[in-house]
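Structural description and commentary
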Amino acid sequence: MTLRFMRNKLVQVEPLQEGRLSVSWRSEDDLLCAEIRMKVRLPDLEIEAVEGGVSRSVHPECAGASSLLAKVVGVRVGPGLRKIVHGLLGGADGCEELAEGVLECCNAVILNFTLPQIRKTERGTEEEKKERFREMLRFNPRLVRSCVAFADDSPLMQGLDL
Amino acid sequence: MIGFSRSMLIGAEFVGEETIRFHGILEDHIYAMEIRMDVEVPTGAIRSIQGWMKRYTNPVCPKAVEILQRAVGRSLREEGWISWVNREIGRNGCQHFAEILIECGRCLDSARLADALRGDLERDLRIDLADRARSWVRGDPEASGRCMARPR
């Protein structure tokens, strides 16, 4: 059966030499094309610059959404981010697509830092791998109880008091 | 050089008049996962769901596949469905399955609108798409007030 609708999203994080991350996000589907380019300053993870908008939409009103993006400059990737971004970009006068796009950019920033930690857990014996996961949890307590693998009854949580 | 990259692909096919079948694929430097689910159009209820973990980080992750079944019967139209998915499918199962499910759910109304507009275009290539989209949004009380393109 043929598809009647298709959405394709891509987010990429590129570390830059001057202590910044460049993040690009694009969402394209039958109805809409939206794009965000963002610079995030390290080490405080502050959104330093952002540009983009909706370049194609069946709703002409979406063309006005690009001016909203500047509102997230100065926001830090950290606790409460979802509420802050939806407060700034969401609602009846906002743009749900761009709000989600900003959040997906920020999530990709976090995963960019998680990736090397995950790579460390891929080496060694099963017990060594488990211990590296526990080290990761001690370093990132926000992961505790975030999914089935880090639930209280998970074997990865044995011996941890977090 | 790119440090991290993620792609998410959602496809929607209509199985009969009242069911949309979503295929959602997530692929990034860490994870590779897929969901297929059938959603009843009038109610938004999830009729069936299957998940595949193709790349994951530890041996506990696949336990989340069976937790996806908790979504059967839940509606993608009910108030707070996204929070429910994040909590029950994400926190109790896998956050990445939750992300795919939520993206599929967000595509539900877009798929309906795209299908309606395509039908209109097939009948008359000269139609004003923006005008048709505006009428469609006006006729959907759930969409009202959601964003600048869907005013109250």
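Note that the structure is a prediction, hence the values are computed from the model and not measured.

Basis of the calculations
- Residues numbered from 1 in each chain as written.
- Chains lettered and ligands numbered in written order.
- Predicted model: local features only at pLDDT ≥ 70, side-chain atom pairs only at ≥ 80, totals over all residues.
- Heavy atoms only, no water.
- Helix = DSSP H or I, 4+ residues; strand = E, 2+ residues; numbered from the N terminus.
- Buried < 20%, exposed > 50% of the residue type's maximum accessible area, 1.4 Å probe, protein only.
- Contact = heavy atoms within 4.5 Å.
- Lys, Arg positive; Asp, Glu negative; His and termini not counted.
- Charge placed at Lys NZ, Arg CZ, Asp CG, Glu CD.
- Domains from an automatic or database assignment.
- Salt bridge = Lys/Arg side-chain N within 4 Å of Asp/Glu carboxyl O.
- Core = buried A, V, L, I, M, F, W, Y, C linked by side-chain atoms within 4.5 Å.

Re the overall build of chain A
For chain A, the helix and strand inventory stands at 3 helices and 4 strands. Of the regular secondary structure in chain A, the N- to C-terminal order runs β-β-β-β-α-α-α. Along the first, second and third principal axes, the C-alpha set of chain A runs to 55 × 50 × 30 Å. Classification of the 162 residues of chain A by burial places 45% in the buried group. In chain A, the share of contacts with a sequence separation of at least 24, taken over all contacts with a separation of at least 6, comes to 36%. Of the side-chain charges in chain A, 23 are positive and 25 negative, and the distance between the mean point of each set is 2 Å.

Considerations on the domain arrangement of chain A
The assigned domain composition of chain A is domain 1 (7-114) and domain 2 (121-150). Placing the centre of domain 1 of chain A and that of domain 2 of chain A at their C-alpha centroids yields a distance of 29 Å.

Focus: the pattern of salt bridges
Residues and elements named next belong to chain A. Considering all chains together, one arrives at 41 salt bridges over all chains under this definition. Residue glutamate 28 is joined to arginine 56 by a salt bridge in which the shortest nitrogen-to-oxygen separation is 3.2 Å. You can see glutamate 28 sitting in strand β2 (residues 20-29) and its partner arginine 56 sitting in strand β4 (residues 46-57), a full 28 residues away along the chain. Assessed through its relative accessible area of 32%, arginine 56 is described here as partly exposed. Of the charged contacts, one joins arginine 145 and aspartate 152 as a salt bridge, the two residues approaching to 2.8 Å between their closest N and O atoms. Members of the salt-bridge network, linked through shared partners, are Arg20, Arg41, Asp44, Glu46, Glu48 and Arg76.

Examining the nonpolar core
In this structure, Val102 and Phe150 of chain A together with Phe22, Met37 and Leu101 of chain B are the most contacted members of the largest nonpolar core, which totals 97 residues. Among the elements that make up this core, the one with the highest residue count is helix α3 (residues 95-123) of chain B (12 residues). Taken domain by domain, this core gets at least three of its residues from each of domain 1 (7-114) and domain 2 (121-150) of chain A. Dropping the residues within four chain positions of it, phenylalanine 22 of chain B is found in contact with Ile10, Gly11, Ala12, Ile35, Arg36, Met37, Val39, Cys104, Cys107 and Leu108 of chain B.

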